[in-house]
Amino acid sequence: MTAAQVVLVGPMGVGKSTVGRLLAEALGVGYRDTDDDIVATQGRTIAEIFVDDGEPAFRAIEKAAVREALAGHEGVLALGGGSILDADTRALLAGYRVVYLSMDVEEAVKRTGLNTARPLLAVNPRKQWRELMEARRSLYEEVATVVVATDGRTPEEVTQVALDAL
Ligand code: S3P
């Protein structure tokens, strides 16, 4: 059994997959993303799961996907932005090197805009972002061993800061 070496958390659109790939390349390990795992195993997009089954059902699927990926992947693992809402998932992250990629609300609105592929941003993204960040910031901080602010930084710069901190 293998286990993830570096776990990336943070809000959607912060660059987890771009930075995760760069980080994996620099460390010479593989990259995996729990959103991709969910789409592959469910045969549906994340938006379809939200629409068809609702958010609680998605969170249950996500929780199982995170548990499996943490134990079964040796490399860099990016988690969906809302995975840390689950207390069991947060507890599971203890002992891992967890990098929290942060960004401020205005940066988030600028990067993601109105985004129908991201169900949580399909209406009034600025208000949604404010509420999301308020609800989640402390949860990201709770699980993080390293925090890297991404505002005003390129993915390459973010990767370098993360590498230096790891
Ligand atoms: C979500 C983030 C998304 C995806 C889903 C819900 C969230 O993942 O899991 O749309 O609650 O923040 P990314 O952070 O990979 O975009």
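Residues numbered from 1 in each chain as written. Predicted model: local features only at pLDDT ≥ 70, side-chain atom pairs only at ≥ 80, totals over all residues.

### Looking at the overall build of the protein chain
Phase 1: When its secondary structure is counted, the protein chain shows eight helices and five strands.
Phase 2: From first element to last, N terminus to C terminus, the protein chain shows the α and β order β-α-β-α-α-α-β-α-β-α-α-β-α.
Phase 3: Computed over the C-alpha atoms, the radius of gyration of the protein chain is 15 Å, within 12% of the 15 Å expected from 2.2 N^0.38 for a compact globule of 166 residues.
Phase 4: Seen through its principal axes, the protein chain has C-alpha atoms that stretch 40 × 35 × 25 Å.
Phase 5: A total of 166 residues make up the protein chain; the buried ones form 36% of that total. (Helix = DSSP H or I, 4+ residues; strand = E, 2+ residues; numbered from the N terminus. Rg over C-alpha atoms; globule rule 2.2 N^0.38 Å. Buried ≥ 20, exposed ≤ 12 C-beta atoms within 10 Å, placed from the backbone.)

### Things to note about the nonpolar core
Phase 1: With 35 residues, the main nonpolar core has Val7, Leu8, Val9, Leu77, Val98, Val99 and Leu101 as its most contacted residues.
Phase 2: Those elements that provide at least two residues to this core are β1 (6-9), α1 (16-27), α4 (55-72), β3 (75-78), β4 (97-102), α7 (125-143) and α8 (155-165).
Phase 3: Leaving out residues up to four positions away in the same chain, Leu101 has contacts with Leu8, Gly10, Val14, Gly15, Lys16, Val19, Val148, Thr150 and Val158. (Core = buried A, V, L, I, M, F, W, Y, C linked by C-beta atoms within 7 Å. Contact = placed C-beta atoms within 7 Å.)

### A look at the site of the ligand
Phase 1: Taken together, Met12, Lys16, Asp35, Ile46, Gly80, Gly81, Gly82, Arg118, Pro119 and Leu120 make up all the residues around the ligand.
Phase 2: The class makeup of the residues in the shell around the ligand is four nonpolar, three polar and three charged. (Near = placed C-beta within 6 Å. Nonpolar A, V, L, I, M, F, W, Y, C, P; charged D, E, K, R; others polar.)

### Concerning the UniProt feature "binding site: Mg(2+)" (unreviewed entry) in the protein chain
Phase 1: Taking the numbering used here, the UniProt-annotated feature "binding site: Mg(2+)" (unreviewed entry) corresponds to Ser17.
Phase 2: Tracing the chain through its elements places Ser17 in helix α1.
Phase 3: Beyond its immediate stretch of four places on either side in the chain, Ser17 contacts Asp33 and Ala78. (UniProt positions renumbered as here; feature names shortened; annotations may be inferred.)

### Let's talk about the confidence of the model for the protein chain
Phase 1: Residues of the protein chain with pLDDT of at least 70 account for 98%, and the chain-wide mean is 92.
Phase 2: Both scores are available for the predicted complex, with the pTM at 0.93 and the ipTM at 0.97. (pLDDT = per-residue confidence, 0-100.)

### Points about the UniProt feature "binding site: ATP" (unreviewed entry) in the protein chain
Phase 1: This chain's UniProt record puts "binding site: ATP" (unreviewed entry) on Gly13, Val14, Gly15, Lys16, Ser17, Thr18, Arg118 and Arg153. Across 141 residues of sequence, these annotated residues are also dispersed in space, with a maximum C-alpha separation of 23.2 Å.
Phase 2: Here Gly15 lies in the loop between β1 and α1.
Phase 3: Aside from chain neighbours lying at most four places away, what touches Gly15 is Leu101, Thr150, Pro155 and Val158.
Phase 4: Along the chain, Thr18 falls in helix α1.

### So, the sheet that holds β1
Two pairing modes exist for strands in a sheet, parallel and antiparallel, and in both the strands are linked by backbone hydrogen bonds.
Phase 1: Strand order in the open sheet formed by five strands is β2-β3-β1-β4-β5, with parallel pairing between adjacent strands. Among the strands making up the open sheet, the edge pair consists of β2 (30-33) and β5 (146-149). Adjacent strand axes in the sheet meet at a mean angle of 20 degrees when their direction is disregarded.
Phase 2: By the bridge criterion, three bridges tie β1 to β3 in an arrangement that is parallel. The residue bridging Val6 from the neighbouring strand is Val76, located in β3. (Pairing = 2+ DSSP bridges. Axes fitted to C-alpha atoms, helices over the stretch in contact; angles between N-to-C directions.)

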